[in-house]
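Inside the fold
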Amino acid sequence: MKKNLIIMFTILGFLLQAQTVKIKRGIVTLEGVHVAKVSNKSNIYTFMDLKETPIYTIEFVDKSIVDSVRDSYIRINRVYNKDKTLELDYISPSAFSGEEKSAAYTCVKSLKIIDERGINIKNLDELFKNNPKRKLDSKTKDAYTTRSKIDKLNITVNNVGEILSNGKPVGYFTNLPVSFGSEDTITDKTFVDIEIYDANSKYIGKYITTTKQIKTAGGKTFTLYREISGRASLLKFPTYKAIAERMAILDPNFIKIQEKVIVGEIKRDGVEK
């Protein structure tokens, strides 16, 4: 008897996991039963009950972190309580599923906020109460660490090729084209490499236009913006700012964050953190 019960619950669990999620004309169905409605405006998906009362929204985010590393996730927000927005991982039934299907699939299979009875308000409240953490792979985590370091440096390049960090000159480019613009991407392949020097005219490294590689004075090499098939949104050519940012990561002595300890607090560039 006990063995039969175990088999029965195992089969039941499998069937529940195998529930089919479908969307047709804005109606979400679970095993053929209508459970919710969804509308799309400006790529924000609003989930409603069957009486068309808006309950929450889902927005897909796909952004570049640094170089060719991208991060994709969803933002979920309740319609009548927008004080808190969650950033969560999502799942898709297949690689070819659109955003609408992926949003509904995530709500049913992963977040458990839509079930056979409709939108589960209790589970939705628990989701916002517990705020689950995202599961980032090591590559994405490392990219965010690098981005954090870059953002603290606040690097810009002015119209004469001078490199600034938080508004202060820290270096400059040489061998710039006549038509140079600080926001330009480097598309021309030239036999003369674009070089970087610090504010004391010390050679830091160069960008090799033929291979899209940065090479430091110490011999470190990094390839910027590898072209990836099927992802046309990835940049094929870097900006001068991107080159300066990556050089600062490859050579920490190029640009340093000024830090002073004041009454137990760290003060960076005059701003207390």
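Residues numbered from 1 in each chain as written. Predicted model: local features only at pLDDT ≥ 70, side-chain atom pairs only at ≥ 80, totals over all residues. Heavy atoms only, no water.

1. Side note on the pairing of strand 15 (residues 213-216)
Here is the rule we go by: Categorising residues by exposure relies on relative accessible area from a 1.4 Å probe, with only protein chains included: less than 20% of the type maximum marks a residue as buried, more than 50% marks it as exposed, and the intermediate range marks it as partly exposed. Put simply, DSSP H or I for four residues or longer makes a helix, DSSP E for two residues or longer makes a strand, and each gets a number counted from the N terminus. At least two DSSP bridges between two strands are required for those strands to pair.
Here strand 15 shows a buried face lined by Ile-214 and Thr-216 and an unburied face lined by Gln-213 and Lys-215. With 4 bridges connecting them, strand 14 (residues 203-208) and strand 15 associate as antiparallel partners. When the bridges of strand 15 are listed, Lys-206 appears paired with Lys-215. In this antiparallel pair of consecutive strands, strand 14 and strand 15, the connection spans 4 residues, and Lys-212 shows a positive phi of 55°.

2. Some details on the sheet that holds strand 4 (residues 44-48)
The criterion, for reference: Only the contacting stretch of a helix is used when fitting its axis, a line to C-alpha atoms as for every element, and angles between N-to-C directions run 0 to 180 degrees. Here, two residues are considered to be in contact whenever any of their heavy atoms come within 4.5 Å of each other.
If you trace the 7 strands from one edge of the open sheet to the other, you get 1-2-3-4-5-6-7, paired in antiparallel fashion. Looking at strand neighbours, the two that pair on one side only are strand 1 (21-24) and strand 7 (81-88), the edges of this open sheet. Averaged over all adjacent pairs, the angle separating strand axes in this sheet is 30°, with direction ignored. Bridge count between strand 3 (residues 33-41) and strand 4: 5 bridges; the pairing is antiparallel. For Lys-41, the partnering residue across the bridge sits in strand 4 and is Ile-44. Here helix 2 (residues 99-110) sits on the sheet and contacts strand 1, strand 2 (27-30), strand 3, strand 4, strand 5 (54-66) and strand 6 (69-78); the angle it forms with strand 1, its principal contact strand, is near 140°.

3. Description of the side chain of Glu-245
Relative to the helices and strands, Glu-245 resides in helix 5 (residues 240-250). Glu-245 sits in the buried class, given a relative accessible area of 9%. Residues in contact with Glu-245, not counting those within four places in the same chain, are Arg-147, Ile-150 and Ile-155.

4. Some points on the sheet that holds strand 10 (residues 155-157)
A sheet is described by the order of its strands in space; here 7 strands give the open sequence 10-11-12-13-14-15-16, paired in antiparallel fashion. Of all the strands in the sheet, just strand 10 and strand 16 (221-223) have a single pairing partner and so form its edges. Taking the axes of each pair of neighbouring strands and ignoring which way they run, one obtains an average angle of 25° across the sheet. Both strand 13 (residues 194-198) and strand 14 contribute to a ladder of 4 bridges, which runs antiparallel. Bridging from a neighbouring strand, Tyr-197 pairs with Tyr-203 of strand 14. Contacts from helix 5 reach strand 10, strand 11 (162-165), strand 12 (168-174), strand 13, strand 14, strand 15 and strand 16 within the one sheet, and its direction differs from that of strand 15 by about 40°.

5. Details of the packing of helix 4 (residues 138-153) against helix 5
This is how it is decided: Angles are sorted into four bins: roughly parallel if under 35 degrees, roughly antiparallel if over 145, roughly perpendicular if 65 to 115, and oblique for all others. Left-handed describes a crossing whose near helix is turned anticlockwise from the far helix through less than a right angle; right-handed describes the clockwise counterpart. Here the term charged refers only to Asp, Glu, Lys and Arg, the term nonpolar to Ala, Val, Leu, Ile, Met, Phe, Trp, Tyr, Cys and Pro, and the term polar to all other amino acids, Gly among them.
Put simply, helix 4 and helix 5 touch, their axes get as near as 10 Å, and they point 110° apart. The orientation of helix 4 with respect to helix 5, classified from their angle, is roughly perpendicular. The hand of the helix 4/helix 5 crossing is right-handed. Between helix 4 and helix 5, the residues in contact are Thr-146, Arg-147, Lys-149, Ile-150 and Leu-153 and Glu-245, Arg-246, Ala-248 and Ile-249, respectively. By residue class, the composition of the contact of helix 4 with helix 5 is 4 nonpolar, 1 polar and 4 charged.

6. Digging into the environment of Tyr-207
Positionally, Tyr-207 belongs in strand 14. Given the relative accessible area of 1%, Tyr-207 is considered buried. When the C-alpha atoms of Tyr-207 and Val-192 are compared, they prove to be 9.5 Å apart, with 15 residues separating the residues in sequence. With residues up to four places along the chain from it excluded, the contact list for Tyr-207 reads Ile-186, Asp-193, Ile-194, Lys-212, Gln-213, Ile-214, Leu-224, Pro-238 and Ile-243.

7. Here we look at unusual backbone geometry
If you check the backbone angles, Glu-52 has positive phi at about 65° while not being a glycine. A relative accessible area of 49% means that Glu-52 is categorised as partly exposed. A positive phi angle, near 45°, is found at Asn-131, a position not held by glycine. On the secondary structure map, Asn-131 appears in the loop between helix 3 (121-130) and helix 4.

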